[in-house]
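Structural features, examined
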Amino acid sequence: MKTPIGLDKDSQEIRLIDDVESGLKCNCVCPECGAPLLAKKGPIKADHFSHYKATEQQACRETAVHLMAKYVLLNASTILFPTTHYSSKTIYSRLQEPFSSAREFLAESLKVWDTQEEVNLPAHRIKPDIICTTAIEGLELQVAIEVAVTHEVDDEKAQKIAAAGLASFEIGLANLTTKSQLTFDDIEKALGEKDRLSWINESEPFRQHLHYICHSNAAEARDRRNQEIDKWMDCIRNYFKVVKTLSLPTYTLPAVVTSLDKDLAGNYIKPKFPPTPELPTTLQLWDITGPVKAQLEAKCTVSTHQFRLFIAIQLPTANTFSSDKSHLRLDISELPAPQELERQLKWGKSKVMDEHISTVRYIKQQALKAANNKIKQDLQHRIEWFNDILDGTKQPEFHNIDRIQQDYNQALIELTHKGIPAKQWTKNYKDGWIFGCPNEYWQILLIRTICLVNNDGVNTKYYADRLKKHHGVDAIEPIRTLTFRKSIMHKVGFDPDLVPSTYKILWDFFLHLEGLNVLKKSGRGQFRKLIPFGHSYQQL
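Here's what I pulled together on the structure shown here. Treat the numbers as computed from the prediction; the structure is a model and nothing was measured.

**As for the packing of aromatic side chains**
A full pass over the atoms with the stated rule returns 17 aromatic pairs. Ring geometry for tyrosine 86 against phenylalanine 206: centres 6.4 Å apart, planes inclined by 85°, an arrangement best described as edge-to-face. Of this pair, tyrosine 86 sits in strand S7 (residues 84–87) while phenylalanine 206 sits in helix H4 (residues 204–243), placing them 120 residues apart in sequence. Looking at tyrosine 86, the relative accessible area reads 7%, which means it is buried. Taking 5.1 Å as the distance between ring centres and 80° as the angle between the ring planes, the aromatic pair formed by tyrosine 462 and tyrosine 463 counts as edge-to-face.

What follows is the structure, given as structure tokens:
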């Protein structure tokens, strides 16, 4: 490596290439290995030292970089320090708005003086490469600088520096040893590169000072805000001294009180509730103070009763207010004019209303529980009834059998007279009883209805409705109720698919008639008639 620095052979002092004669007359040796140096000066290449009849080692290059860096630092009037960041703790305004300050320090070079090298500190058994004095944000202090070429400062030395109370940083120059020629310009440039600089120790006075600056900035901003709040509060107090009353907002009941619950069957439950308490609309106000932790204290009178009512001020950036006491809320983005304050108030908490809401919620819960229990009990009863019918313990109750039987007899006579062999087309269904009559009855009535309707389309819904409307044939209890409550049957441990369906039986019967060439499937859920119907049937 070609360097501009050597060591005087006799005095062992640093010599620069510009200060010595050419050749061996420079009387210089390598600061590391002690080999003679040759001073090369000429008009073409930059002046430099090189080893004479000796091979330069890695250690020679490292020592040269180290000495050059110390030389530049010793003679510098300004030095670039590592950047550091500090922030204050969060402090709060009277309205609980957070204030903090964060800053980057030492972005630019600082003036230095009293710069010394290799100062021995025997009490702490360390000898920093450089010690200088500087002023950081008005704080004068000594700073130790370590030039790292071969090795970075290890933990043991770093602890000794910290114990000495020295602010100290390190400059990493290891990569400069690979250069074929090194100049002082190269060194100065490297010393001005921030990514080479890192703090070893930020001394306690150093830290305290920068923390104090950040805290002072935050406190200054907080105090300015408090002054604005105080002026606003003076206006509020003067305004209410004149009006002497405080208008209260309407209390908005939550949905849990105003809405109605539905039971398992989908019916609204309407229990009887106690009357809603009436809150006062206006209070006599004889003083208002604060704010303390974002609360105003209104000293009020109702009749002869004196009490304090707190007003919690909630700003978007402030801490969320929470209290178990009755209070009003003022949710704002900026401080309102005194005459606007009342219009923006709302209830934050009212113990009286909270007790009412709690009572209403309890009544609703109990009413819903009772209604659902009643539905479950009824459902359980009907399931047991249904099972008793299946195992023969009970017989189905055909309440409309007289009307159905009369219509059946008339229908059978009519069909027989017109040559329709309807009785031959009937089918026995195990669950056919759910229509409230024997299988033959509802099937004969259904066949006659198919013949009467002057439309060749057949589907289950239409003909189920016709049977119900014209003959009273419909699902009987307990099937009727169980059908409507299939969605909740699992809540009592019963499979809803076990309940027979009138629609499914009708659909199966239509398929049966298709097999007898009475009907023919014509589409999704539809059949077409293959027997006389409508006017053709009437003319038979």
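Next comes the rest of the account.
**A word on the side chain of serine 93**
By secondary structure assignment, the location of serine 93 is in the loop between strand S8 (91–92) and strand S9 (98–99). Ignoring anything within four residues of it in the chain, the contact list for serine 93 reads Phe99, Arg222, Arg225, Asn226 and Ile229.

**Let's talk about the sheet that holds strand S1 (residues 5–8)**
In spatial order, the strands read S2-S1-S3; together these three strands make up an open sheet with antiparallel pairing. Where the open sheet ends on each side, the last strands, each with one partner, are strand S2 (14–16) and strand S3 (28–29). Strand direction decides the pairing type here: S1 and S2, joined by three bridges, are antiparallel. For glycine 6, the partnering residue across the bridge sits in S2 and is arginine 15.

**Let's talk about empty space enclosed by the protein**
A full pass over the atoms with the stated rule returns one cavity of 30 Å³ or more. What the largest cavity holds in volume is close to 90 Å³. Thr3, Leu37, His51, Glu56 and Ala64 are, among the 12 residues lining the largest cavity, the residues nearest its centre. Looking at the lining of the largest cavity, the elements with two or more residues in it are strand S5 (48–51) and helix H1 (58–74). A per-element tally of the lining of the largest cavity places S5 first, with three residues. Residues that form the lining of the largest cavity fall into these classes: eight nonpolar, three polar and one charged.

**Description of the sheet that holds strand S23 (residues 519–523)**
Read from one edge of the open sheet, three strands run S22-S24-S23, paired in antiparallel fashion. The outermost strands of the open sheet, each flanked by one partner alone, are strand S22 (457–458) and S23.

**Quick word on the packing of helix H9 (residues 439–452) against helix H10 (residues 460–471)**
Where H9 contacts H10, the axes come no closer than 10 Å and their chain directions differ by 105°. Taken together, the axis directions place H9 and H10 in an arrangement best described as roughly perpendicular. Residue-level contacts link Trp442, Leu445, Leu446, Arg448, Thr449 and Ile450 of H9 to Tyr463, Arg466, Leu467 and His471 of H10. Considering only residue class, the contact of H9 with H10 consists of six nonpolar, two polar and two charged.

Calculation criteria
- Residues numbered from 1 in each chain as written.
- Predicted model: local features only at pLDDT ≥ 70, side-chain atom pairs only at ≥ 80, totals over all residues.
- Heavy atoms only, no water.
- Phe/Tyr/Trp six-rings, centres within 6.5 Å; stacked < 30°, edge-to-face > 60°.
- Helix = DSSP H or I, 4+ residues; strand = E, 2+ residues; numbered from the N terminus.
- Buried < 20%, exposed > 50% of the residue type's maximum accessible area, 1.4 Å probe, protein only.
- Contact = heavy atoms within 4.5 Å.
- Pairing = 2+ DSSP bridges.
- 1 Å grid on protein atoms, 1.4 Å probe; cavity = no way out; pocket = protein on both sides within 12 Å on 5 of 7 lines; lining within 4 Å.
- Points joined across faces, edges and corners; volume = space filled by probe spheres on them.
- Nonpolar A, V, L, I, M, F, W, Y, C, P; charged D, E, K, R; others polar.
- Axes fitted to C-alpha atoms, helices over the stretch in contact; angles between N-to-C directions.
- Parallel < 35°, antiparallel > 145°, perpendicular 65-115°, else oblique.

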